[in-house]
Amino acid sequence: MTYGPVGLACALPYGEWEEAMLKISLIDNAKRRRLIVEGKLIAPWAAELRSVGEKARADLRGRELVVEMKHITTISQEGENVILELINGGIKFRCDGVFTKHLLKDLTRRAGRNLGEVKR
């Protein structure tokens, strides 16, 4: 089952959202729930990703939740913080682009350190 863009992205004509905001699409199948994230991950859209991620985590019925970051043009500190929170919450990430891959590796490393500190 596929749903359209989540949040305000659906309020703009196709193509214009990429200049101003974040597009989040939800795609469900029997094994996995995917959030496809595109655009600018900046405030206030970072808070929207947090909210959508928390809602998507509910009622998974044994499926995994994966956030796929595609065509990300900007990630602010607020965006990094939300990604780190979601990683710490057990959500898996996949991404395109050299910068986004590098950033996600760094955040995953930081999340691992944070989890290690909690376990002590």
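Details of the structure are given in the entry above.
Can you lay out the overall build of the chain for me, pointing to particular residues and giving the numbers?
For the chain, the helix and strand inventory stands at 4 helices and 5 strands. Considering the chain as a whole, with its 120 residues, one finds that 39% of them fall into the buried category. When contacts within the chain are restricted to residue pairs at least 6 apart in sequence, long-range pairs at least 24 apart make up 60% of them. With the model as given, the accessible surface of the chain reaches about 7,100 Å², and the carbon-plus-sulfur share is 53%.

Describe the nonpolar core, listing the residues and the values that go with them.
Ranked by size, the top nonpolar core spans 30 residues in total, and within it Leu35, Val37, Leu41, Leu49, Met69, Ile83 and Phe93 carry the most contacts. Of all the elements in the fold, those that place two or more residues in this core are β2 (22-28), β3 (32-41), α2 (45-57), β4 (64-75), α3 (77-88), β5 (92-95) and α4 (98-119). Not counting the four nearest positions on each side in its chain, leucine 49 is found in contact with Leu22, Ile24, Val37, Leu41, Val82 and Leu86.

Quick one: what's the story with the pairing of β5, residue by residue and with numbers?
What you see with β5 is a clean split: Phe93 and Cys95 sit on the buried side and Lys92 and Arg94 on the side with no burial. The pairing of β4 with β5 spans 4 bridges and is classified as parallel. The partner of glutamate 68 across the bridge, within β5, is arginine 94. Of the crossover connections in this fold, the one passing from β4 over α3 to the parallel β5 is right-handed.

I'd like to hear about unusual backbone geometry, residue by residue, with values.
Cis geometry is found at the peptide bond from alanine 43 to proline 44, where omega equals 0 degrees. Its location among the elements puts proline 44 in the loop between β3 and α2. Backbone geometry places arginine 61, a non-glycine residue, at a positive phi of 50 degrees. With respect to the helices and strands, arginine 61 occurs in the loop between α2 and β4. Of the residues examined, arginine 61 reaches a relative accessible area of 72% and is grouped as exposed.

Describe α2, listing the residues and the values that go with them.
With 13 residues, α2 should reach 18 Å at 1.5 Å per residue; the first-to-last C-alpha distance of 18 Å fits that figure. Directly beyond the C-terminal end of α2, a positive phi value near 60 degrees is found at aspartate 59.

Outline the environment of valine 52, listing residues and values.
Relative to the elements of secondary structure, valine 52 occurs in helix α2. For valine 52, a relative accessible area of 9% corresponds to the buried category. Taking the C-alpha atoms as reference points, valine 52 and leucine 26, 26 residues apart in sequence, are found 9.2 Å from one another.

Run through the environment of glycine 53, naming residues and quoting values.
Inspection of the secondary structure assignment puts glycine 53 in helix α2. On the accessibility criterion, glycine 53 (1% relative accessible area) is buried. On a C-alpha basis, the gap between glycine 53 and valine 82 in space is 9.6 Å, while along the polypeptide they are 29 residues apart. Those residues in contact with glycine 53, other than ones at most four positions away along the chain, are Leu35, Leu65 and Ile91.

Residues and numbers for the pattern of salt bridges, please.
Tallied over the entire structure, the rule returns 11 salt bridges. The partner of arginine 61 in a salt bridge is aspartate 59, and the shortest N-O contact between them spans 3.1 Å. Residue classification places aspartate 59 among the partly exposed residues on the basis of a relative accessible area of 48%. A salt bridge links lysine 70 to glutamate 68; the shortest N-O distance between them is 3.6 Å. The exposure class of lysine 70 is partly exposed, given its relative accessible area of 29%.

Rules used in this analysis
- Residues numbered from 1 in each chain as written.
- Predicted model: local features only at pLDDT ≥ 70, side-chain atom pairs only at ≥ 80, totals over all residues.
- Heavy atoms only, no water.
- Helix = DSSP H or I, 4+ residues; strand = E, 2+ residues; numbered from the N terminus.
- Buried < 20%, exposed > 50% of the residue type's maximum accessible area, 1.4 Å probe, protein only.
- Contact = heavy atoms within 4.5 Å.
- Areas by Shrake-Rupley, 256 points an atom, 1.4 Å probe, with all protein chains shown as cover.
- Core = buried A, V, L, I, M, F, W, Y, C linked by side-chain atoms within 4.5 Å.
- Pairing = 2+ DSSP bridges.
- Right-handed = clockwise from strand over helix to strand, strands pointing away.
- Expected span 1.5 Å × (residues − 1).
- Salt bridge = Lys/Arg side-chain N within 4 Å of Asp/Glu carboxyl O.

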